[in-house]
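As a plain string of letters, each chain reads:
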Amino acid sequence: MIRIGVSGWSFDEWKDGFYAEVPKRLWLQHYASHFPTVEVNYTFRRTMSATTAATWRELVGPDFRFAVKAHQRITHTKRLRDPAENLPHFLASLEPLGDQLGPVLFQTAPHLPRDDERLTAFLAALPAWLTAVFEVRNETWDDPAVHALLRGAGAGWVISETDELAAPEVISGPVVYLRLRKQEYTESDLAAWAERLVATEAESVWAYVKHEDDSPRLAARLAGLVASVGR
């Protein structure tokens, strides 16, 4: 299944367009009526309460999925060290999302260099039920051996396309997680991504457009092109 959404939903910039005449308390409900998933940055700096999770679940349909960014203590303070000490509390905070929890994004700091031993230990500490994806932003990590470690653990390598960093031509693995971060996407850019997403043999595909004023339109257009290619 290919799920496409935006990195976040609570943006005042959308009030006069996407959320026109929609009260703020129903923004998530409105968003979920258009997209099947959202990437949540909230959990990077805060621990999500059970009340918050319950409120979110009430506002979306049963097939909606929340992709959640791991807390900065895990990825930036501890830098993937001591997972037995830091993971349980964070994962417990996600349990109220139940089966509406999508992938968990572990986004490391750019200054963290490659460390296969550290990554192997961290992967071993992840529970089998968790879909984990890794955006390791130091270029030393981008190596076939690291990709193999992730695939062996059922985890995904995050593809983040920026104006400075091109995405690979071939995308593979059990989980494909795409973050579209360029300042501008043309119709041909989106069409090319639709072709590549449909062509992958991954078990699941998740794609998120960067938050901009025009993000809902771009995400909807990409989803439409994927549906067209997949027919």
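Report follows, based on the coordinates.

Remarks on the pairing of strand 6 (residues 156-161)
Burial of strand 6 is extensive: six of the six residues sit out of reach of the surface. Here strand 6 shows a buried face lined by Gly156, Val158 and Ser160 and a second buried face lined by Trp157, Ile159 and Glu161. Looking at chain direction, strand 5 (residues 132-135) and strand 6 are connected through two bridges and run parallel. Note on strand 6: the bridge partner recorded for Val133 is Gly156. Handedness of the crossover is the feature at issue here: the chain leaves strand 5, passes through helix 6 (residues 144-152), returns alongside strand 6, and the resulting connection is right-handed. Direction of pairing for strand 6 relative to strand 7 (residues 175-180): parallel, over a ladder of four bridges. The residue of strand 7 that forms the bridge with Ser160 is Arg179.

Re the nonpolar core
Ranked by internal contacts, the top residues of the largest apolar core, which has 66 residues, are Trp9, Tyr31, Phe66, Phe106, Leu126, Phe134 and Trp193. For this core, the leading source of residues is helix 8 (residues 215-229), giving five residues. Setting aside residues no more than four positions away along its own chain, Leu126 makes contact with Leu87, Phe106, Ala132 and Phe134.

Some details on the packing of aromatic side chains
Under the defined criterion, the tally for this structure stands at 16 aromatic pairs. Each ring, one from Trp9 and one from Trp56, has its centre 5.3 Å from the other, and the planes form 85°; the classification is edge-to-face. Of the two residues, Trp9 is situated in the loop between strand 1 (2-6) and helix 1 (27-32) and Trp56 in helix 2 (residues 50-59); the sequence distance between them amounts to 47 residues. Trp56 sits in the buried class, given a relative accessible area of 9%.

Here's the deal with the layout of surface pockets
Its volume calculated, the largest pocket comes out at about 600 Å³. Lining the largest pocket we find 30 residues, and of these Asp142, Trp157, Val158, Ile159 and Ser160 sit closest to its centre. Counting only elements with at least two residues in the lining of the largest pocket, the list comes to helix 6, strand 6 and strand 7. At five residues, the largest contribution of residues to the lining of the largest pocket is made by strand 6. In terms of residue class, the lining of the largest pocket is built from 16 nonpolar, eight polar and six charged. Roughly 310 Å³ of volume is contained in the second largest pocket. Around the second largest pocket sit 18 residues that line it, and Ser7, Gly8, Glu39, Asn41 and Tyr42 are the ones nearest its centre. Tallied by class, residues from the lining of the second largest pocket come to six nonpolar, six polar and six charged.

A closer look at the pairing of strand 1
Of all five residues in strand 1, four are buried, a share of seventy percent or more. Sheet analysis places strand 1 next to strand 8 (residues 204-209), joined by five bridges and oriented parallel. Among the inter-strand pairings, Ile4 is bridged to a residue of strand 8, identified as Ala207.

Here's the deal with unusual backbone geometry
For Glu21, which is not a glycine, the phi torsion comes out positive at approximately 70°. Position of Glu21 relative to the elements: it lies in the loop between strand 1 and helix 1. Note on Glu21: relative accessible area 83%, which makes it exposed.

Reading the values: rules and limits
- Residues numbered from 1 in each chain as written.
- Predicted model: local features only at pLDDT ≥ 70, side-chain atom pairs only at ≥ 80, totals over all residues.
- Heavy atoms only, no water.
- Buried < 20%, exposed > 50% of the residue type's maximum accessible area, 1.4 Å probe, protein only.
- Helix = DSSP H or I, 4+ residues; strand = E, 2+ residues; numbered from the N terminus.
- Pairing = 2+ DSSP bridges.
- Right-handed = clockwise from strand over helix to strand, strands pointing away.
- Core = buried A, V, L, I, M, F, W, Y, C linked by side-chain atoms within 4.5 Å.
- Contact = heavy atoms within 4.5 Å.
- Phe/Tyr/Trp six-rings, centres within 6.5 Å; stacked < 30°, edge-to-face > 60°.
- 1 Å grid on protein atoms, 1.4 Å probe; cavity = no way out; pocket = protein on both sides within 12 Å on 5 of 7 lines; lining within 4 Å.
- Points joined across faces, edges and corners; volume = space filled by probe spheres on them.
- Nonpolar A, V, L, I, M, F, W, Y, C, P; charged D, E, K, R; others polar.

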